[in-house]
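In case you want the letters, here they are:
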Amino acid sequence: MTEEHSVTIFDTTLRDGEQAPGISLDVKEKLEIAEQLARLGVDVVEAGFPVTSQGDFDAVREIATSVGTQAGAPVIAALARCHPDDVVRAADSLKPADRRRIHVFLSTSEIHRNAMLRGASEDQIIEQAVDGVRRALEFTDDVEFSPQDATRTDVGFLMRIVDAVVEAGATTVNIPDTVGYAIPHDFGALIADVVAQVGAGVAVSVHCHNDLGLAVANSLEAVRNGASQVEVAVNGLGERAGNCSLEEVVMALATRSDLLRRPTRLNTPEIARTSRLVSTLTGYPVQFNKAVVGRNAFAHESGIHQHGILQDRLTYEIMRAEDIGAVGAQIVLGKHSGKHAFAQQLHIMGYELASEEVGRAFTRFKAMADRKTEITDADLEAIVADEVYAPEQEAFELLSLQVSGGTATAPTATVRVRRVEDDTIVDEAAIGDGMVDAVGGAIHRAVGIDGRLVSFNVAAVTPGIDALGDVTVQLSVDGQQFTGRGVSTDIVEASARAFLNALNKSVRLRRPVGAVAEPTP
Ligand code: KIV
Ligand code: ZN
């Protein structure tokens with residue numbers, strides 16, 4: 001198999017993935033994910049859509065600066081509409097990266113043109129697309145064009161616009177199944193036609209949404225028909241039902257290389273960790289039975305299966321857990337471990353932290369080690385995510401929490417919170433239907449923000465009675481959703497941290513009420 005047969009993995013977790021409801025990553029969190037994507041070895045990181053907000057611009061700029069300049073760095077891409085200002089903004093944000101791609105898009109289907117582009121004619125759309133590509137080429141020679149809603153676009157028109165953007169100099173033509181409408185054999189035939197149309201020298205990419213649960217199947221069929229790039233998101237995140245899942249498509253290409261014969265360049269043992277990091281920072285849990293990265297993906301429950309696995313694991317396993325780095329929780333440290341061993345372990349796990357960050361994480365580790373005898377790599381990841389990735393300066397800090405009552409008497413929670421801005425201490429209490437409800441009420445009162453609880457999720461980081469509880473909440477504040485997460489051996493404390501985390505995010509990231517709607521693709 002030769003190198004040119006590799007499929008280019010274009011990761012859009014930080015752009016399309018972040019468009020999933022309730023996900024609001026800040027610059028630091030996006031940078032952590034981009035660094036991990038680079039370790040995983042993706043070819044292209046789509047870091048954001050810079051014209052939509054200053055935060056998105058800053059994140060792309062930061063990723064271009066620190067990830068995009070490392071040896072062997074991925075190409076850093078930014079999304080732009082075919083508007084001159086969008087393209088300039090994308091180009092500015094990408095400037096520091098060694099290899100940069102501007103990804104311009106424009107809707108082509110009749111329904112999109114009528115509803116979203118004031119009934120623009122096919123000729124007007126082609127003119128605007130060509131202008132967008134030419135403008136982008138002024139800043140980089142790596143330009144991707146996407147005809148949005150391609151799979152509901154008249155095929156004759158789709159081929160005309162593909163011809164026009166290739167003629168204008170686009171180096172990648174992406175065919176998005178924007179609404180997840182495609183069916184594999186049909187999509188494969190379309191991709192074969194596009195591949196024949198563009199000829200050698202232009203990459204054909206696909207970007208499949210999962211509305212019918214077919215995103216991975218459609219992407220594989222596209223690869224079989226000559227697509228050289230697939231656009232993916234970690235854990236399948238993205239608009240609505242999400243995007244083609246990185247881990248599923250990559251492991252399908254690896255596991256069925258006998259049929260597909262199209263490898264990727266990914267360092268697959270980094271997959272499990274990437275999935276956990278994205279889940280942690282987005283607050284989107286991974287379903288237990290999710291293919292490849294779900295908790296049960298390598299678990300065998302029935303006696304017959306267990307017997308088979310003990311004889312020969314190939315009886316019921318088509319991949320090895322080691323291939324994706326899911327080797328089970330490794331006990332790495334305990335309560336007697338010192339700071340040096342702690343820092344060393346973080347280094348082995350691939351974290352490059354400043355000494356002040358190691359110090360913060362170590363304090364949290366010590367507190368945890370008093371309550372939990374064996375600390376695993378998954379526990380350490382949770383600590384780092386909670387302590388280190390948190391922004392340095394949040395609006396509110398939890399100083400103490402007390403709960404009382406139970407089944408016989410009404411649960412009451414008392415919290416002490418520091419308002420960082422003016423260093424004031426606020427004490428508040430609330431009664432609730434249960435402990436967690438009481439804690440949520442007290443925290444809301446203390447910070448003075450009205451938030452409606454949309455969802456509450458609790459999971460254990462590792463097995464065992466002393467496991468860390470990992471709580472994720474989604475709160476709606478002024479109609480915008482914010483995800484918060486907290487970990488602790490005590491579920492009530494983890495819940496308090498999660499509530500405060502979401503409310504702090506709402507202070508940091510909330511758009512002013514009545515702000516102009518962002519242009520989402
Ligand atoms: O789904 C879509 O069409 C997109 C494009 C911007 C590629 O996300
Ligand atoms: Zn999309």
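All of these numbers come straight from a predicted model, not from anything done at the bench. (Residues numbered from 1 in each chain as written. Chains lettered and ligands numbered in written order. Predicted model: local features only at pLDDT ≥ 70, side-chain atom pairs only at ≥ 80, totals over all residues. Heavy atoms only, no water.)

**Points about the coordination of the zinc ion (ligand 2)**
For a metal bound by four donors in tetrahedral geometry, the ideal donor-metal-donor angle is 109.5 degrees, whereas six donors in octahedral geometry ideally sit at 90 or 180 degrees. To keep things clear, this is the line we draw: With water excluded from the atoms, a metal site may look incomplete; its donors are any N, O or S atoms within 2.8 Å, or within 3.2 Å for Na, K and Ca. Each helix corresponds to a stretch of at least 4 residues labelled H or I by DSSP, and each strand to a stretch of at least 2 residues labelled E; elements are numbered beginning at the N terminus. Residue exposure (1.4 Å probe, protein chains only): buried if accessible area is under 20% of the type maximum, exposed if over 50%, otherwise partly exposed.
Those protein atoms acting as donors to the zinc ion (ligand 2) are D16 (OD), H207 (NE2) and H209 (NE2), and they sit at 2.0 to 2.1 Å. The motif formed by the donor residues of the zinc ion (ligand 2), counted along the single chain, is D-x190-H-x1-H. Separated by 191 residues along the polypeptide, D16 in the loop between β1 (8-11) and α1 (27-40) and H207 in strand β7 (residues 203-208) bring together distant segments of the chain. Judged on exposure class, the residue D16 and its partner H207 are both buried.

**Side note on unusual backbone geometry**
As a rule of thumb, non-glycine residues mostly have phi less than zero, and peptide bonds are mostly trans rather than cis. For D149, which is not a glycine, the phi torsion comes out positive at approximately 65 degrees. Relative to the helices and strands, D149 resides in the loop between β5 (143-148) and α6 (155-168). Look at D149 and you get buried, because its relative accessible area is 0%. In this structure, N235 is a non-glycine residue whose phi angle is positive, near 60 degrees.

**Observations concerning the site of ligand 1**
To keep it simple, the criterion reads: One heavy atom suffices: a residue is near a molecule or strand as soon as one of its heavy atoms comes within 4 Å of it. Definition of a polar contact: a pair of N or O atoms within 3.5 Å, with one able to donate and the other able to accept a hydrogen when the atoms are protein atoms, and with sequence-neighbouring residues admitted only if both atoms are side-chain atoms. Note on areas: Shrake-Rupley, 1.4 Å probe, and residue coverage restricted to the protein chains presented here.
Among the 12 residues in the neighbourhood of ligand 1, the closest are listed as R15, D16, T178, H207 and H209. The contact in question runs from an oxygen atom of ligand 1 to an N or O atom on the side chain of T178, over 2.6 Å. Within the side chain of H209, one N or O atom sits 3.0 Å away from an oxygen atom of ligand 1. Here ligand 1 has 260 Å² of accessible area as a free molecule, and 98% of this is covered by the chains. When residues of the shell around ligand 1 are traced back to their parent elements, those giving at least two are β4 (100-107), β5 and β6 (172-177).

Everything listed is a geometric property; what it means functionally is a separate question.
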